[in-house]
Amino acid sequence: MTPTASNSLYTILTFSITSALLYIFMCAIIIVNICIALSSDLIKSILLMSISSVIICLCYLLLDAPDVAMTEASLGACISTVIFLKIIPTLQTSFSNATRPPKYKTIFYGIVCTLLAITLAVICWQLPEFGQTDAVMHQHVSKYYIDHTVQDIGIPSFVASILASYRGYDTLGETTVILCAGVSAILIFANNKSSSNRNIEIMTNISNNPIFTTIIKIIIPYIILFGLYIQVNGEVSPGGGFQAGAILASAVIGYDMSYPQSLIKYRSSTLALAVVAAIGVLIYGATGLIALYKGKHFLNYDAIIPGTSSQSLGISIIELGVGLTVMSSLLIIYYMFIIKNYNDVK
Amino acid sequence: MLSSKLIYLIPISLLSLGLFIIINNHNYIKKIIGLAIFQNSVLIFYMFLSKVRNGVVPIAQCTDTSSHQCEIIYSNPLPHVLMLTAIVVGIATTSVSLAIIYCINKNFNSCNENEISLHIPITTLKQDE
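Residues numbered from 1 in each chain as written. Chains lettered and ligands numbered in written order. Predicted model: local features only at pLDDT ≥ 70, side-chain atom pairs only at ≥ 80, totals over all residues. Heavy atoms only, no water.

Engineer: Any chance you could explain the overall build of chain B here in plain terms?
Structural biologist: Scanning chain B from terminus to terminus reveals 5 helices and 0 strands. Element order for chain B, N to C, with α for helix and β for strand: α-α-α-α-α. For chain B, with 129 residues in total, the buried portion stands at 57%. Within chain B, counting contacts between residues at least 6 apart in sequence, those at least 24 apart form 50% of the total. Total accessible area computed for chain B in this model is approximately 5,500 Å², and 63% of it derives from carbon and sulfur atoms. (Helix = DSSP H or I, 4+ residues; strand = E, 2+ residues; numbered from the N terminus. Buried < 20%, exposed > 50% of the residue type's maximum accessible area, 1.4 Å probe, protein only. Contact = heavy atoms within 4.5 Å. Areas by Shrake-Rupley, 256 points an atom, 1.4 Å probe, with all protein chains shown as cover.)

Next comes the structure, spelled out in structure tokens:
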């Protein structure tokens, strides 16, 4: 009797500590976002957005979602900040004196947004309580996934099983969206003739900074190792193709920022990366087609090899495809912004 | 039980802040930042819904499928999957929108909404000639 009582007390205490930490972090996020709304300097707001992404990562960890925290850390805090910072020097306008709407309009917009917030708060009053165990959304399909994953799929990670097996169609569509984003970045930039006689202020090149280059040299192997680890172990631990692709891409981007053009030459590599991204989607689709060929449903991994490990094998293959596509598309987007900077400076 | 529902006010205030940044600024990059905040608020809202009291990270801890002895409460894994892919797709689409802003800046020499709206009639006239 006593161990269970102390156990329940422990869990209640843990939950209250989690909630208290969540409130603290969330108040920090709101303060940071108010700073973004008030600042008229773009670089400042981009860096503040990166800070808020890092705090959101901690919140995701507290909310039992290490997969989402990993994705947010590599994409929201790292890659999106780099891409935002790369586009700033190519833009001509000076942002410090960017015209703002008149004051009465700002007050009017503020009132509208406050009214929206009040309306949503009234609606949210009917939601289940935070952390309620018997809420409706935990009862039906999620309960099925949790109860049947170990028997049906044979892997411990529920997130990987839902992502790759139960809802494989969704993920195929999302991988295709990422490929389309990379290809459309190439098309948008290729269609644009560079205009001459413009003065562009280049930001101070980070590759001249000895602190940055030394640290990059030390940590890059570990980042790549970590990316490969979560790519391979996506079924048994937090991780998977999306996170691994983003982390590997951020490793390459970091190396490229410290030693420009030393790893891959931009112009020749963009086409190769586009081909690799397409191959990733092709691996995914071909895995589905194998099942179709063997007389099962599309993306039913039971058909790949006979035996119980077929599902796990299929999930590993499509995670590889997702990882290739995500990594190449993010690198294409980064390189396209770099190439544009390079042309403009010339 | 007032305090447990109070936490939903945080994504709501983030959402209205993001909307305020979108409509209050003329600069397109600032508008994209507002859109990113808007997106973050929706992601946080879903993650709040997925949390279960006393739940643990959704990775199966008992591999023994036959027995029903291990009754571990897991947090809901379904919103995790949806939000994980939403983050990746969101960054990809944000990058495309930044590329389009780059094109706008090339053609109009500005990425402020009010300046571009002044330019548009003139350039269409030039093209007609």
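Engineer: Can you walk me through the environment of P238 of chain A in this structure?
Structural biologist: Positionally, P238 of chain A belongs in the loop between α8 (210-232) and α9 (241-258). Here P238 of chain A falls in the partly exposed class, since its relative accessible area comes to 21%. Separated by 137 residues in the primary sequence, P238 of chain A and P101 of chain A have C-alpha atoms spaced 46 Å apart. Every residue in contact with P238 of chain A, bar those within four places of it in the chain, is listed here: P66, D67, M70 and I230 of chain A together with I59 of chain B.

Engineer: Before we go on, may I ask you to explain the interface of chain B and chain A in this structure?
Structural biologist: Much of the literature gives interface size as the accessible area that the parts lose upon coming together. Every contact between the two is made by 83 residues of chain B and, on the other side, 97 residues of chain A. Between chain B and chain A, a total of about 8,600 Å² is buried, with carbon and sulfur atoms accounting for 74% of that surface. Where chain B meets chain A, there are 1 salt bridge. Mapped onto the side of chain B that touches chain A, the elements with two or more residues apiece are α1 (2-6), α2 (9-24), α3 (28-50), α4 (77-108) and α5 (113-128) of chain B. Residue contributions to the side of chain B that touches chain A peak at 24 residues, all from α4 of chain B. Split by residue class, the side of chain B that touches chain A holds 52 nonpolar, 25 polar and 6 charged. (Buried area = accessible area lost by both parts, 1.4 Å probe. Salt bridge = Lys/Arg side-chain N within 4 Å of Asp/Glu carboxyl O. Nonpolar A, V, L, I, M, F, W, Y, C, P; charged D, E, K, R; others polar.)

Engineer: Explain the packing of α8 of chain A against α9 of chain A here, please?
Structural biologist: Relative orientation and spacing of two packed helices are given, respectively, by the angle between their axes and the distance between those axes. All names here are of chain A. Axis separation between α8 and α9 bottoms out at 9 Å; the angle between their running directions is 160°. Relative to α9, the element α8 lies roughly antiparallel. Along this stretch, α8 crosses α9, giving a crossing that reads as left-handed. In contact with F212, T213, I216, I220, I223, I224, F226, G227, L228, I230 and Q231 of α8, α9 contributes G241, Q243, A244, I247, L248, A251, G254, Y255, M257 and S258. Its residues placed into classes, the contact of α8 with α9 shows 14 nonpolar, 7 polar and no charged. (Axes fitted to C-alpha atoms, helices over the stretch in contact; angles between N-to-C directions. Parallel < 35°, antiparallel > 145°, perpendicular 65-115°, else oblique. Left-handed = near helix turned anticlockwise from the far one by under 90°.)

Engineer: Sorry if this is basic, but what is going on with the state of the cysteines here?
Structural biologist: Two cysteines, two sulfur atoms, one covalent bond between them: this is a disulfide. As enumerated under the stated definition, the model contains 0 disulfides over all chains in all. Not part of a disulfide, C59 of chain A finds its nearest cysteine sulfur in C57 of chain A, a span of 9.0 Å. For C59 of chain A, a relative accessible area of 1% corresponds to the buried category. We note that C180 of chain A lacks a disulfide partner, and the nearest cysteine sulfur, in C103 of chain B, lies 18 Å from it. By relative accessible area, which is 45% here, C180 of chain A ends up partly exposed. (Disulfide = S-S within 2.5 Å.)

Engineer: I keep staring at helix α3 (residues 66-87) of chain A and nothing clicks. Help me out?
Structural biologist: An α-helical segment advances 3.6 residues per turn. Residues three or four places apart therefore align on the same side. All names here are of chain A. For α3, built from 22 residues, the straight-helix expectation of 32 Å at 1.5 Å per residue is met to within 8% by its first-to-last C-alpha distance of 30 Å. Of all the bends in α3, the greatest measures close to 30° and is centred on E72. The element α3 is largely enclosed, with a buried count of 18 among its 22 residues. (Expected span 1.5 Å × (residues − 1). Bend = angle between axes of the 7 residues up to and from the residue.)

Engineer: Hey, could you run me through the packing of α3 of chain A against α4 of chain B in this one?
Structural biologist: Relative orientation of the contacting elements α3 of chain A and α4 of chain B amounts to 5°, with a least axis distance of 10 Å. Classified by the interaxial angle, the pair formed by α3 of chain A and α4 of chain B is roughly parallel. Side by side, α3 of chain A and α4 of chain B meet where D67, V68, T71, E72, L75, G76, S80, I83, F84 and I87 of chain A of the first sit next to H80, M83, L84, I87, V88, I91, T94, S95, L98 and Y102 of chain B of the second. Considering only residue class, the contact of α3 of chain A with α4 of chain B consists of 12 nonpolar, 6 polar and 2 charged.

Engineer: What exactly am I supposed to notice about the pattern of salt bridges here?
Structural biologist: Oppositely charged side chains may form a pair once their charged atoms are brought near each other. The full count for this structure, using the stated rule, is 2 salt bridges over all chains. Here D64 of chain A ties to K51 of chain B by a salt bridge, and the two come within 3.1 Å at their closest N and O atoms. Here the residue D64 of chain A occupies a position in the loop between α2 (42-62) and α3, and K51 of chain B occupies one in the loop between α3 and α4, the pair thus bridging two chains. Each member of the pair D64 of chain A and K51 of chain B is classed as buried. In this structure, D147 of chain A and K143 of chain A form a salt bridge, with 4.0 Å as the shortest nitrogen-oxygen distance. Taken as a pair, D147 of chain A and K143 of chain A lie in helix α5 (residues 141-152) at a separation of 4 residues, close to a single helical turn. Classification of D147 of chain A by relative accessible area gives partly exposed; the value is 41%. Accessibility expressed as a relative area gives 40% for K143 of chain A, which makes it partly exposed.

Engineer: Looking at this structure, I do not really get a nonpolar patch on the surface. What am I missing?
Structural biologist: All names here are of chain A. A cluster of nonpolar side chains, namely I107, I111, L115, I118 and V122, defines an oily patch on the protein surface of about 490 Å² accessible area. Position of I107 relative to the elements: it lies in helix α4 (residues 103-124). For I107, a relative accessible area of 51% puts it in the exposed group. (Patch = residues over 30% accessible without salt bridge, like charges linked within 9 Å, V, L, I, M, F, W, Y side chains within 5 Å.)

Engineer: Teacher, can you tell me more about the nonpolar core here?
Structural biologist: Generally speaking, soluble globular proteins have nonpolar side chains that are buried together. Among the nonpolar cores identified, the biggest contains 109 residues, and Y60 of chain A together with F48 of chain B are the most heavily contacted of them. For F48 of chain B, the contacting residues outside a window of four places in its chain are L22, M26, L63 and F130 of chain A together with I7, Y8 and P11 of chain B. (Core = buried A, V, L, I, M, F, W, Y, C linked by side-chain atoms within 4.5 Å.)

Engineer: What is the right way to look at the environment of S50 of chain A in this model?
Structural biologist: All names here are of chain A. Along the chain, the position of S50 falls in helix α2. Residues S50 and S80, 30 residues apart in the sequence, show an inter-C-alpha distance of 8.3 Å. Contacts of S50, omitting those with residues within four sequence positions, involve A77 and T81.

Engineer: Would you take a moment to explain the packing of aromatic side chains for this structure?
Structural biologist: A ring pair, where both rings are aromatic, is described by two values, the distance of the centres and the angle of the planes. Counting across every chain of the model gives 12 aromatic pairs over all chains. Ring geometry for F108 of chain A versus Y109 of chain A: centroids 6.2 Å apart, planes at 50°, classification tilted. Taken together, a centroid distance of 5.0 Å and an interplanar angle of 75° make the contact between F158 of chain A and Y74 of chain B edge-to-face. Here Y74 of chain B lies in the loop between α3 and α4 and F158 of chain A lies in helix α6 (residues 158-166), a pairing that spans two chains. Through a chain of ring-to-ring contacts, three or more aromatic side chains come together here, namely Y144, Y145 and Y166 of chain A. Here the basic side chain of K5 of chain B rests over the ring of W125 of chain A, its NZ or CZ set 5.7 Å away from the ring centre. (Phe/Tyr/Trp six-rings, centres within 6.5 Å; stacked < 30°, edge-to-face > 60°. Lys NZ or Arg CZ within 6 Å of the ring centre and 35° of its normal.)

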